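Architecture at a glance
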Amino acid sequence: MAIAAWNNTADGEGEPSWASLAREFRASQMRFILHVPSWEAYKPLQVLQWDSIPYESKDLPVNKRGVYAFVLDIGVHSDSPLPPHACVLYVGETGDNGNATLASRLTNYRNKKAQRDRPQIWSMIAPWSSSLQFYYAAVRQSVSTKDCERTLLDALLPPVNINDFSAEVRMARQAAFS
């Protein structure tokens, strides 16, 4: 009867019982770099006051320029029996080149049509929207939001971001994953 553990049927026909779970695991995997020296080297260009709202809520962040992060947070579900756990998936900025604000940026991310043109963003939002938190921090006019974003990217190394790292970190990531 041991064969039943490996197959859906006792006669050995069909797919292994774990195969669909393996497909789900494959679809859910991301490559994370957990590099403590990068976290320790982080020097913010200004002190950032972080706030957050659930991605799926109707709430909007402040109507200011700033930086933001999408965080997969299983602590969002207060009835979870698991310990708190969160992963920064993506970091961005808004406001250096135009009038976009944190509120308008989140509104754009919530637009399903806009997501289709950005496969990396879609691959983050589609499976995990109910557990995503949108963290945001306003940035003073005298500080570049692009520079704030780059320092955060180089420290956190989020898996969904592809560009906007410093040149050294971008090349190191490419070499590590090739």
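Scroll up to find the structure.
Heads up: these notes are all about the structure in this document. (Residues numbered from 1 in each chain as written. Predicted model: local features only at pLDDT ≥ 70, side-chain atom pairs only at ≥ 80, totals over all residues. Heavy atoms only, no water.)

Turning to helix H4 (residues 102-109), its buried residues number three or more, namely Leu102, Ala103, Arg105, Leu106 and Tyr109. Projected down its long axis, H4 carries its buried residues within an arc of 160 degrees, all on one side. (Buried < 20%, exposed > 50% of the residue type's maximum accessible area, 1.4 Å probe, protein only. Helix = DSSP H or I, 4+ residues; strand = E, 2+ residues; numbered from the N terminus. Arc of directions from axis to C-beta.)

Looking now at a nonpolar patch on the surface. Residues Phe32, Leu34, Val36, Trp39 and Leu156 make up a contiguous nonpolar surface patch of about 460 Å² in total accessible area. If you trace the backbone, Leu34 turns up in the loop between helix H2 (19-28) and helix H3 (36-41). Exposure remark for Leu34: the relative accessible area of 66% places this residue in the exposed category. (Patch = residues over 30% accessible without salt bridge, like charges linked within 9 Å, V, L, I, M, F, W, Y side chains within 5 Å. Areas by Shrake-Rupley, 256 points an atom, 1.4 Å probe, with all protein chains shown as cover. Salt bridge = Lys/Arg side-chain N within 4 Å of Asp/Glu carboxyl O.)

One non-glycine residue, Leu157, adopts positive backbone phi at about 50 degrees. Structurally, the position occupied by Leu157 is in the loop between helix H7 (145-156) and helix H8 (167-176). The phi dihedral of Asp164 is positive, around 75 degrees, even though this residue is not glycine. Summarising the element assignment, Asp164 is placed in the loop between H7 and H8.

Let's shift gears to the sheet that holds strand E4 (residues 132-138). Pairing in this open sheet of 4 strands is antiparallel, and the strands run E1-E4-E2-E3 from one edge to the other. On the outer flanks of this sheet lie strand E1 (51-54) and strand E3 (86-94), each paired with one strand and no other. Taking each pair of neighbouring strands and ignoring which way they run, the sheet shows an average axis angle of 25 degrees. The sheet contact formed by strand E2 (residues 66-73) and E3 spans 8 bridges and is antiparallel. The residue bridging Asp73 from the neighbouring strand is Ala86, located in E3. Across the sheet, helix H6 (residues 119-128) is in contact with E2, E3 and E4; its angle to E3 comes to roughly 130 degrees. Against the sheet, H7 touches E2 and E3, its axis set at about 160 degrees to E3. (Pairing = 2+ DSSP bridges. Axes fitted to C-alpha atoms, helices over the stretch in contact; angles between N-to-C directions. Contact = heavy atoms within 4.5 Å.)

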